[in-house]
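Overview (structure and organization)
Chain by chain, the residues:
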Amino acid sequence: MIFFQNLVNALQLGSFYALIALGYSMVYGVLMLFNFAHGDVFMVGAYIGFLVSTGLLTLANLGAVALPTWLILALTIILAMFLTSFVGMLVERVGYRPLRGAPRASAAISGLMIGIFLETFVLWLGGPKRRSFPALIESTTYELGGVIVTNKKIVIVLVSMLLMLALHLFVRRTKWGMAMRAMAYDYVVVPLMGVPLNTIAALTFGLGSALAAAAGVFFGIAYPVLDPYMGIRYGWKAFVAAILGGRGSVLGAALAGFMLGFIEIFVAWIFPSTWRDLIAYSIILLILTLRPHGFFGEPYSAQLRL
Amino acid sequence: MLLSVENLRVSYGEIKALHGISFQIDKGEIVCVIGANGAGKSTTLQAISRLIPVEPGSRMTYEGKSLLDYSADKVVSQLGISHVPEGRRLFGNLTVMENLRLATFARKDGADIERDVGRVFSIFPRLEERKTQKAGTLSGGEQQMLAVGRAFMSGRELMLLDEPSMGLAPLLMLSVFDALKEINDQEGTTILLVEQNARMALKFAQRGYVLESGSLVLEGDSEELLANPEVKKAYLGG
């Protein structure tokens with residue numbers, strides 16, 4: 001029973017990692033750069049979700065508008081995703097576009113600097129104190145054969161999977177997704193198809209950031225405390241998932257995100273929890289030593305497989 | 001005059017690739033630029049497509065509009081100038097159909113797109129048979145057909161072709177050139193072709209230019225160039 005209990009927890013943690021890892025992987029696949037500010041975009045997404053939900057709850061409490069809680073939850077997810085996608089597009093415009101064609105280290109440094117900027121900006125705006133994310137889902141606990149499942153976990157895991165499916169369909173079925181796949185294959189000739197490169201680059205950042213924002217809101221719902229440095233802690237781990245999945249592989253990033261969740265939770269089940277990261281990341285290091293290009297990545301190739 | 005290029009200069013760092021070349025193309029013409037490897041043929045086409053920057057003082061006008069005011073994707077989507085790049089550069093991870101569709105990314109004329117897909121398939125029936133196959137799995141000849149078909153979908157006012165004969169067996173080469181002729185005849189598409197295979201290019205085109213180390217050294221009707229002793233010696237194998 002404890003096994004299944006851990007499984008449920010691992011699915012939830014894995015959802016966060018998978019949603020964030022997708023953003024790293026898409027940007028790498030399409031533009032061949034690691035967006036080192038992405039973890040902080042996740043943090044900003046969580047804060048935007050916090051502001052939106054707090055604002056909507058205040059309006060509802062004042063009686064200005066009649067908003068049922070489920071609608072506030074839905075609006076929070078949608079608006080946080082929408083607004084954060086602009087943050088991501090701004091990061092691309094300011095931090096990466098001017099450096100196209102510059103040595104790749106420049107883009108990496110630019111990303112790290114933007115990350116620090118976002119952290120200090122939130123610190124300056126919101127102060128160092130941790131923020132409690134409002135309870136958007138009234139907790140209900142179900143017991144299924146000894147396994148305790150909360151409605152929060154069900155919503156988080158299901159909506160995360162739906163979002164990943166939506167991304168998959170977008171990339172597979174729309175002309176923008178097609179342009180992203182083409183760009184991943186051969187960047188240079190994409191303009192010859194009449195496709196504006198900058199639009200697709202911005203779109204890629206926007207999509208990745210929207211998914212990170214969803215992860216941020218879910219994170220706020222699950223562990224209701226936000227701080228300006230949460231992006232580093234979870235962002236780097238999701239980055240590891242993106243590498244583990246195979247750079248540029250969307251399916252790989254999603255699977256590796258879940259796998260990371262499983263490893264962390266199950267290590268903490270067997271060993272003292274303070275050893276968790278040490279052992280979990282030793283396992284991942286071992287996997288990467290055996291399979292340096294990850295599960296779905298190709299050696300010496302940076303082509304996106306969608 | 002459809003396209004006019006004046007004093008086109010391009011450099012790659014210290015290396016000058018084009019030393020101020022000038023040429024014109026009229027609507028409906030088939031014109032070729034022949035020259036050896038490294039003469040600047042691909043550079044010329046890439047400059048027209050705005051894929052690479054040009055030196056100040058270069059002028060390129062298309063129907064009276066300066067190409068310098070257009071970005072690479074707008075040259076295709078707003079002016080209808082398509083470009084078959086050297087080595088075809090298909091998207092091997094996309095299907096044949098997706099390659100054709102992607103080329104219509106900026107087009108909004110839905111019904112005409114369907115008609116054009118039909119045109120491509122009637123010119124190259126092989127592509128229709130393979131439409132759900134990944135472009136990376138096509139044979140060399142089929143890839144060249146798809147590269148031409150894709151360019152046709154993206155814009156068919158002026159088609160720039162970079163070494164379409166490369167890597168093709170003579171018979172396949174002929175069928176690709178026949179298809180280009182058909183497109184030129186029936187759609188009125190103007191064609192600018194650069195080729196190392198000078199004999200093939202001059203048989204296909206009405207006029208030609210000879211490019212040597214970044215400068216145009218000769219020009220004339222195809223028959224004239226085919227008969228020119230210098231051209232014979234340097235490009236036609238005696």
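The paragraphs below set out a description of the structure included in this document. (Residues numbered from 1 in each chain as written. Chains lettered and ligands numbered in written order. Predicted model: local features only at pLDDT ≥ 70, side-chain atom pairs only at ≥ 80, totals over all residues. Heavy atoms only, no water.)

1. A word on the environment of H168 of chain A
Residue and element names in this part refer to chain A. Operational definition: In DSSP terms, a helix is any run of H or I states spanning at least four residues, a strand is any run of E spanning at least two, and both are numbered starting from the N terminus. Relative accessibility decides the category of a residue: with a 1.4 Å probe and only protein chains considered, values under 20% of the type maximum give buried, values over 50% give exposed, and everything between is partly exposed.
Checked against the element boundaries, H168 lands in helix α5 (residues 151-173). A relative accessible area of 41% means that H168 is categorised as partly exposed. Separated by 82 residues in sequence, H168 and V250 place their C-alpha atoms 8.3 Å apart.

2. Describing the interface of chain B and chain A
Short version of the rule: By definition, residues are in contact when any of their heavy atoms lie within 4.5 Å. Here's the idea: put two parts together, see how much 1.4 Å probe accessible area each one loses, and the total over both is what we call buried area. Salt bridges are defined as contacts in which a side-chain nitrogen from Lys or Arg sits within 4 Å of a carboxyl oxygen from Asp or Glu. Counted as a polar contact is a pair of N or O atoms within 3.5 Å, where, for protein atoms, one must be capable of donating a hydrogen and the other of accepting one, and residues adjacent in sequence contribute only when both atoms are in side chains. Nonpolar residues are Ala, Val, Leu, Ile, Met, Phe, Trp, Tyr, Cys and Pro. Charged residues are Asp, Glu, Lys and Arg, and all others, Gly as well, are polar.
On the side of chain A, 20 residues touch chain B, which itself brings 22 residues to the contact. Carbon and sulfur atoms supply 68% of the area buried between chain B and chain A, which totals about 2,000 Å² over both sides. Where chain B meets chain A, there are two salt bridges. Residue R181 of chain A is joined to E98 of chain B by a salt bridge in which the shortest nitrogen-to-oxygen separation is 2.9 Å. At the surface where chain B touches chain A, the tally comes to four residue pairs in polar contact (both at pLDDT 80 or more). Elements supplying a minimum of two residues to the side of chain B that touches chain A: α2 (72-77), α3 (96-102) and α6 (140-154) of chain B. For the side of chain B that touches chain A, the element with the highest residue contribution is α2 of chain B, accounting for four residues. In terms of residue class, the side of chain B that touches chain A is made up of 11 nonpolar, six polar and five charged.

3. Concerning the pattern of salt bridges
Residues and elements named next belong to chain B. Using the criterion set out here, one finds 24 salt bridges over all chains in the structure. R107 is the salt-bridge partner of D116, the closest N and O atoms lying 2.8 Å from each other. Assigned by exposure class, D116 and R107 land together as buried.

4. So, helix α10 (residues 276-290) of chain A
Since the α-helix packs 3.6 residues into each turn, any two residues three or four apart lie on the same face. All names here are of chain A. As a reminder, the rule being used: One less than the number of residues in a helix, times 1.5 Å, gives the span that helix is expected to have.
With 15 residues, α10 extends 21 Å between its outermost C-alpha atoms, agreeing within 8% with the 21 Å of an ideal straight helix rising 1.5 Å per residue. Of all the residues in α10, the buried ones are I279, A280, Y281, I284 and I287. For α10, the elements touching its buried residues are α1 (2-31), α8 (230-245) and α9 (250-270).

5. Thoughts on the packing of aromatic side chains
Short version of the rule: Stacked, edge-to-face and tilted labels apply to pairs of Phe, Tyr and Trp rings (six-membered ring for Trp) whose centres lie within 6.5 Å, assigned for plane angles under 30 degrees, over 60, and everything in between, in that order. The rule is short: NZ of Lys or CZ of Arg within 6 Å of the ring centre and within 35 degrees of the ring normal puts a charge over the ring.
In this structure the tally under the stated criterion is 25 aromatic pairs over all chains. Measuring from ring centre to ring centre gives 5.7 Å for F117 of chain A and F121 of chain A, while their planes differ by 20°; the resulting arrangement is stacked. Taken as a pair, F117 of chain A and F121 of chain A lie in helix α4 (residues 104-126) at a separation of four residues, close to a single helical turn. Exposure remark for F121 of chain A: the relative accessible area of 37% places this residue in the partly exposed category. Measuring from ring centre to ring centre gives 6.3 Å for F271 of chain A and W275 of chain A, while their planes differ by 25°; the resulting arrangement is stacked. Its relative accessible area of 44% is what places W275 of chain A among the partly exposed residues. Joined through ring pairs, the aromatic side chains of F16, Y17, F42, F219, Y223 and Y234 of chain A make up one cluster. Sitting above the plane of the F152 of chain B ring, R156 of chain B keeps its charged end 5.4 Å from the centroid.

6. Section: unusual backbone geometry
All names here are of chain B. Notably, R89 is not glycine yet its phi reads approximately 50°, a positive angle. Assignment of secondary structure puts R89 in the loop between β6 (81-84) and α3. Residue S213 is not a glycine yet carries a positive backbone phi of 45°. Within the element layout of this structure, S213 appears in the loop between β9 (207-212) and β10 (215-221). Looking at S213, the relative accessible area reads 57%, which means it is exposed.

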